[in-house]
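Fold and geometry: a report
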Amino acid sequence: MKSNILKYTLVVCLLLSNEVLAQNTLPSREQRIYSLSEIWKELHYNFAFPHKLQEVNIDSLYIAYLPKVAEVESSYEYYRILSSFMANFNEAHTRIYTSKRPDDMPPIKAINFGEKIIVSDISQNIVDQIPVNSEILKIDDIPVLAYIKDSVSPFISAATPQWKFDKSVIELFYGKPQSKVNLTVKKPNGHLVKVSMVRNYYTNNAKEVMVVNKNLSPINIEIIDGDIGYIQLASFLGGYVDSINSVFESNLPKLRRCKGLVIDLRGNRGGSDQAWERIAYHLISQSEFGLPVKCFSRMHIASYKNWGSNSTNPQLKEYYRGTVMEEINHSLYVNTIDDTLKLHQPLVIISGQHVASAAEDFLLLMKGLGRAKVIGEPSVGCVGEPMFVPLPGDFEVMICVKKYVNSDGTQPNDTGIMPDIKVIRDYDEYLKGNDNVLESSVLELRRLIHRL
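Residues numbered from 1 in each chain as written. Predicted model: local features only at pLDDT ≥ 70, side-chain atom pairs only at ≥ 80, totals over all residues. Heavy atoms only, no water.

Notes on the overall build of the chain
- Check the secondary structure of the chain and you find 16 helices and 19 strands.
- Here the C-alpha atoms of the chain give a radius of gyration of 23 Å, agreeing with the 22 Å that 2.2 N^0.38 yields for 452 residues.
- For the chain, the spread of C-alpha atoms along the three principal axes comes to 65 × 65 × 35 Å.
- In the chain, which comprises 452 residues, the share counted as buried stands at 55%.
- Within the chain, contacts between residues at least 6 apart in sequence are counted, and of these 76% link residues at least 24 apart.
- Separation between the mean location of the 49 positive side-chain charges and that of the 51 negative ones in the chain comes to 1 Å. (Helix = DSSP H or I, 4+ residues; strand = E, 2+ residues; numbered from the N terminus. Rg over C-alpha atoms; globule rule 2.2 N^0.38 Å. Buried < 20%, exposed > 50% of the residue type's maximum accessible area, 1.4 Å probe, protein only. Contact = heavy atoms within 4.5 Å. Lys, Arg positive; Asp, Glu negative; His and termini not counted. Charge placed at Lys NZ, Arg CZ, Asp CG, Glu CD.)

If you want it as structure tokens, here you go:
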């Protein structure tokens with residue numbers, strides 16, 4: 001499926017980042033009411049999952065939130081209320097965006113292994129008290145899982161439970177700027193410690209020096225286990241398209257000499273489909289191909305809606321209810337790469353946490369064509385086309401206006417892209433510096449190679 005929404009996918013990646021630039025100005029009371037009304041209207045007419053509007057009773061929800069947005073006194077409160085409103089629709093491409101997030105976090109980040117929450121990075125000023133790989137047990141004396149359920153997840157827009165939880169871990173420490181957060185952690189040596197931190201990392205212009213501060217290149221290629229080509233694709237952000245293509249094509253000679261290939265998508269939260277097109281062309285034998293899904297968007301015809309209010313015609317009733325969907329046809333990808341230049345080796349793709357949006361498009365394609373065996377965990381469940389509607393005060397609402405439907409009628413957003421072989425990251429192996437998912441992928445790839 002051709003990606004002609006580069007503008008949107010660039011912003012998608014910005015939305016998925018954790019960057020907080022500065023506090024914005026609170027819109028006026030009238031502007032806030034207008035904004036909620038605009039969101040309500042656009043969801044009514046354009047949201048690609050109208051059944052979800054009915055499930056939450058969007059009209060009643062809108063009425064309940066009107067006094068909330070009217071009475072807020074800070075940008076922070078306003079952002080939180082809009083975020084909680086959008087979270088009701090359970091769709092990761094449907095949420096509030098602002099380039100100047102009015103919340104903040106202390107200089108600490110977390111990752112999760114299942115429900116175990118681990119410190120992944122922290123300021124050098126406090127690392128002696130909370131070392132990297134310490135386990136978060138409590139926040140403000142509340143067990144961390146209960147804290148996530150009550151204080152974080154209600155503000156997270158997600159279609160799948162795995163992304164609701166994983167994204168909550170990413171957002172775990174966010175709160176009102178300059179407020180304190182009290183952490184109870186277990187160090188890697190087993191000792192318990194309580195530490196109070198201030199949510200001022202971004203309001204201090206991110207001056208704290210972090211211990212890890214790991215920024216992966218969008219593409220990394222190396223040879224592992226002697227003759228296996230390992231391609232790590234960490235981001236499909238639109239600005240990386242040229243560098244991704246350049247690195248990939250410069251490494252093609254050595255990749256062709258490999259017996260098998262592993263593509264690691266873990267952590268790739270999307271961007272532009274253009275970032276993976278050239279790679280796909282070199283991996284797929286077909287001269288023409290498309291994503292193995294059908295795409296649908298809302299359709300409105302005012303007269304049909306009017307007739308449907310009292311008609312016995314079931315189709316017209318659907319117009320009245322606002323649930324009619326029209327199939328969107330996309331042109332196929334045309335693969336002009338000469339077959340002799342392609343990579344025909346057995347291929348394994350590692351998927352799992354944080355694999356979203358354009359990365360899921362790539363995953364859908366490779367799995368749907370039967371080109372790769374997928375190993376790891378389910379992806380995020382964040383596919384489709386987002387539309388952006390500007391709102392007063394440097395806010396925008398993001399609404400998914402196109403849904404994907406699998407050939408069996410299911411929707412990938414409901415589950416994420418499922419692996420062929422499920423392998424969960426092992427925390428104990430991680431502490432030893434081992435990657436059990438990659439190791440399992442290489443073993444499976446060896447099995448595929450030996451079957452040739």
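Let us keep going from here.
A closer look at the packing of aromatic side chains
- By the definition in use, this model includes 18 aromatic pairs.
- Ring centres 4.8 Å apart and planes at 20° place the aromatic pair Trp40 and Tyr62 in the stacked group. One end of the pair, Trp40, is in helix H2 (residues 29-46); the other, Tyr62, is in helix H4 (residues 58-71), and 22 residues separate them in sequence.
- For Tyr62, a relative accessible area of 14% puts it in the buried group.
- Between the aromatic rings of Tyr304 and Tyr319, the centroid separation amounts to 5.0 Å while the plane-to-plane angle is 75°, which identifies the pairing as edge-to-face. Residue Tyr304 is found in helix H11 (residues 302-308), and its partner Tyr319 is found in helix H12 (residues 314-321); the two are separated by 15 residues along the sequence.
- By way of ring pairs, the aromatic residues Phe236, Trp276, Tyr281, Phe289, Tyr333 and Phe362 are connected into one cluster.
- In this structure, Arg80 is placed above the aromatic ring of Phe155, and the distance from its NZ or CZ to the ring centre is 3.7 Å. (Phe/Tyr/Trp six-rings, centres within 6.5 Å; stacked < 30°, edge-to-face > 60°. Lys NZ or Arg CZ within 6 Å of the ring centre and 35° of its normal.)

Some thoughts on H4
- Counted at 1.5 Å a residue, the expected span for H4 with its 14 residues is 20 Å, and the 20 Å between its end C-alpha atoms agrees.
- A bend of about 30° at Tyr65 is the largest found in H4, and the proline Pro67 appears one to four places after it.
- Those residues of H4 that fall on the buried side of the exposure criterion are Ile58, Leu61, Tyr62, Tyr65, Val69 and Ala70.
- Contacts made by the buried residues of H4 are with H2, helix H3 (50-56) and helix H5 (75-87). (Expected span 1.5 Å × (residues − 1). Bend = angle between axes of the 7 residues up to and from the residue.)

Focus: the sheet that holds strand E15 (residues 347-351)
- Read across the open sheet, the six strands follow the order E8-E9-E10-E15-E16-E19; overall the sheet is mixed. With partners counted over all chains shown, the strands left at the sheet margins are strand E8 (219-224) and strand E19 (421-422), one partner each.
- Relative to E19, strand E16 (residues 373-376) is paired through two bridges, and the arrangement is parallel. Bridge assignment links Ile375 to a residue of E19, and that residue is Ile421.
- On the sheet, helix H13 (residues 358-368) packs against strand E10 (260-264), E15 and E16 and is oriented at approximately 145° with respect to E15.
- Sitting on the sheet, helix H16 (residues 436-450) touches E8, strand E9 (228-233), E10, E15, E16 and E19, and the angle it makes with E15 is about 160°. (Pairing = 2+ DSSP bridges. Axes fitted to C-alpha atoms, helices over the stretch in contact; angles between N-to-C directions.)

Observations concerning the packing of helix H8 (residues 241-250) against helix H10 (residues 274-283)
- Their axes nearest at 8 Å, the elements H8 and H10 cross at an angle of 20°. Classified by the angle between their axes, H8 and H10 sit roughly parallel to one another. The hand of the H8/H10 crossing is right-handed. Each of Val241, Ile244, Asn245, Phe248 and Glu249 in H8 lies in contact with H10, whose residues at this interface are Gln274, Ala275, Arg278, Ile279 and His282. (Parallel < 35°, antiparallel > 145°, perpendicular 65-115°, else oblique. Left-handed = near helix turned anticlockwise from the far one by under 90°.)

Considerations on the pairing of E10
- For E10, the buried fraction is high: five of the five residues fall into the buried class.
- Here E10 shows no split at all, with Gly260, Val262 and Asp264 on one side and Leu261 and Ile263 on the other all buried.
- Here E9 runs beside E10; their pairing, made up of five bridges, is parallel. Within the sheet, the bridge partner assigned to Gly229 lies in E10 and is Leu261.

Points about a nonpolar patch on the surface
- A contiguous nonpolar patch, built from Ile301, Tyr304 and Trp307 and spanning about 270 Å² of accessible area, is present on the exposed surface.
- Structurally, Trp307 is set in helix H11.
- Assessed through its relative accessible area of 45%, Trp307 is described here as partly exposed. (Patch = residues over 30% accessible without salt bridge, like charges linked within 9 Å, V, L, I, M, F, W, Y side chains within 5 Å. Areas by Shrake-Rupley, 256 points an atom, 1.4 Å probe, with all protein chains shown as cover. Salt bridge = Lys/Arg side-chain N within 4 Å of Asp/Glu carboxyl O.)

Observations concerning helix H6 (residues 144-152)
- Of the residues making up H6, those classed as buried are Val144, Tyr147, Ile148 and Val152. With its buried residues spanning 100° around the axis, H6 presents them on a single face. Turned more than 90 degrees off the buried face of H6, the exposed positions are Lys149 and Asp150.
- On the buried face of H6, the contacting elements are strand E3 (116-122), strand E4 (135-139), strand E5 (142-143) and helix H7 (161-170). (Arc of directions from axis to C-beta.)

Overview of the environment of Pro154
- The residue Pro154 is located in the loop between H6 and H7 in this model.
- Overall, Pro154 belongs to the partly exposed group, its relative accessible area being 36%.
- Along the sequence, Pro154 and Phe85 sit 69 residues apart, while their C-alpha atoms lie 9.0 Å from each other.
- With residues up to four places along the chain from it excluded, the contact list for Pro154 reads Ser84, Ala87, Ile148 and Lys149.

Overview of the pairing of strand E2 (residues 108-113)
- Pairing analysis gives six bridges linking E2 to E3, with the strands arranged antiparallel. Bridge assignment links Phe113 to a residue of E3, and that residue is Lys116.
- In this structure, the hairpin formed by E2 and E3 is closed by a connection of two residues, where Gly114 is found at a positive phi of approximately 65°.

Everything listed here is a matter of coordinates, which is why it stays silent on function.
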